[in-house]
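Here are the chains, one letter per residue:
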Amino acid sequence: MKHIVVRNTSQTPIYQQIYDQLASQIMNGDLKSDQLLPSIRTAAKELRVSIITIKKTWELLENQGLIYTIQGKGSYIKRHTQIDLDDKKIELVKDVFLEAISSVKSYNLSKEKLMEIISVVYDEVN
Amino acid sequence: MNSIEIRNLTKVYRTFTLDNVNLTLPKGYIMGFIGENGAGKTTTIKTMLNIVQKESGQVKIFNQDIDKAEIEVKSKIGYVSGNMFYPKKSLKEITKYFKRFYNEWDEDLYQSYLNRFKLDSNKRIDELSKGMQLKYLITLALSHHAELLVLDEPTSGLDPVARDNLLELFQTIIEHEETTIFFSTHITSDLEKCADYITFIKEGKIIESCSKDDLLDAYRFVSGSDKDLEQMKDRLISYKNHAFGFNGLIRTEDVKKTDLAKIGQPTLDDIMIFYSSHKGVML
């Protein structure tokens, strides 16, 4: 497992923070198919979060089809084809924007203006 | 299996009543027990362990009624209170007396914990720092294979580094599911890191007892202008006015789509603080 950062002060729930980072590592191929994830209790200890939080994260990863679990052995990264991954990426990005755009809408910005902002921000973040 | 199951536990003192306490802690998890000073944390622990006699209610530890199998149950509990007994005695001496009480005493395990925690058994209790004293007490508990650790305010009086070490130790202890940890604290940041379950007590009554995530999800921190406040005042648990508006706490289910105030995730501190203040009369 690569680097994962958990911020206790963030507004995003901790299970979501860990999910987002793991999901993107799976998408990017940083985590390989059939790679074994640490046990729930070990991950909780290593990341200094509660066991229930990790359980929730692992469940979400499983529901999203990113990992699979073998009873008594552990959870593994699911095998993906490239097309699968691309679809999932788009879904994930959609989720990110869904939240952002619904809060942006309250400022009464036009769609064109919003696209303009996105384009500017996109260039700023390299 | 549940490690702790408390039903309607009641203890009446002249000036304080522990009122119908219910809580359940499944095996292999950490529960944090929070509340202000004087809320009844220590009373709950002492009553639960039959250190003081309860008025009524039932306590089951590992599915066994503590009143019916007290000795058997207690041999599986490691209890760490805030007070250190025998400050002038060496660890060696205390251990010698302590281990006689436990059939399950494991000398090899004891020695390995002493090494691991760098505890010198020739030293006297009062020569150890607070953090080392705690590690010694935890060593005693683990060495008789306690399956349930009950700790009363273990982190109070520890510096942030020692506290962090202790919490990491807790998580290491429960990594293999055999041990359950129940500890009281008023330092809620300790729990944001490691607790699976939280029980919140106030004036002898349990306000909430559930998973930490559920607890944090059940409340929202709100802030906004005085106008926003008018709109939602009667739905708030409590609020504080300040020069620029107000802050308050609300149950998530009471939030309305039309609320204009800013709604955010509370911390455990927020929940404790806003519960302790009365509506609108904050000074």
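Refer to the structure presented above.
Each chain carries its own residue numbering, running from 1 in the direction its sequence is written. Chains and ligands are labelled by the order in which they are written, letters from A for the one and numbers from 1 for the other. A pLDDT threshold of at least 70 governs which residues receive local features in this predicted model, and a stricter bar of 80 or more applies before side-chain atom pairs are shown or counted, although totals over entire chains, interfaces and linings include all residues.

Even after reading the chapter, I still don't get the sheet that holds strand β12 (residues 236-242) of chain B, so can you show me in this structure?
The strands making up a sheet associate through backbone hydrogen bonding, with each pair oriented either parallel or antiparallel. All names here are of chain B. When DSSP locates at least two bridges between a pair of strands, those strands are taken to pair. Per the convention used, a helix needs a DSSP run of H or I reaching at least four residues, while a strand needs a run of E reaching at least two, with both numbered from the N terminus. The antiparallel open sheet is built from four strands, whose spatial order is β12-β13-β11-β14. Across the chains shown, the open sheet's two edge strands, defined by having one partner strand only, are β12 and β14 (262-264). Averaged over all pairs of adjacent strands, the angle between strand axes in this sheet comes to 20 degrees, irrespective of strand direction. The pairing of β12 with strand β13 (residues 245-251) spans six bridges and is classified as antiparallel. Residue pairing across strands places Asn241 opposite Phe246, the latter belonging to β13. By the criterion used throughout, residues are in contact when their C-beta atoms, derived from the backbone, lie within 7 Å. Interaxial angles span 0 to 180 degrees and are taken between N-to-C directions of axes, which are lines fitted to C-alpha atoms, for helices over the stretch in contact. In the packing of helix α10 (residues 268-276) onto the sheet, the strands contacted are β11 (219-224), β12 and β13, and the crossing angle to β13 comes to about 100 degrees.

Looking at this structure, how should I read the sheet that holds strand β8 (residues 180-185) of chain B?
Residue and element names in this part refer to chain B. In spatial order, the strands read β6-β7-β8-β3-β9-β10; together these six strands make up an open sheet with mixed pairing. In the strand order of this sheet, the two ends are held by β6 (77-80) and β10 (205-211), each with one partner. In this sheet, adjacent strand axes meet at a mean angle of 15 degrees when their direction is disregarded. Here six bridges tie strand β9 (residues 197-202) to β10, and the two strands are oriented antiparallel to one another.

Can you help me understand the packing of helix α2 (residues 40-47) of chain A against helix α3 (residues 51-63) of chain A in this one?
Helix packing geometry: the angle between the two helix axes and the distance between the axes. Residue and element names in this part refer to chain A. It is at 8 Å that the axes of α2 and α3 come closest, and there the two elements cross at 120 degrees. Here the hand of the crossing between α2 and α3 comes out right-handed. Of the residues in α3, those in contact with Ile40, Arg41, Ala43 and Ala44 of α2 are Ile51, Ile54, Lys55 and Trp58. Under the convention adopted here, Pro, Cys and the residues Ala, Val, Leu, Ile, Met, Phe, Trp and Tyr are nonpolar, Asp, Glu, Lys and Arg are charged, and Gly plus all remaining residues are polar. Considering only residue class, the contact of α2 with α3 consists of six nonpolar, no polar and two charged. For any pair of crossing helices, the crossing counts as left-handed if the nearer helix is rotated counterclockwise from the farther one by less than a right angle, and right-handed if it is rotated clockwise.

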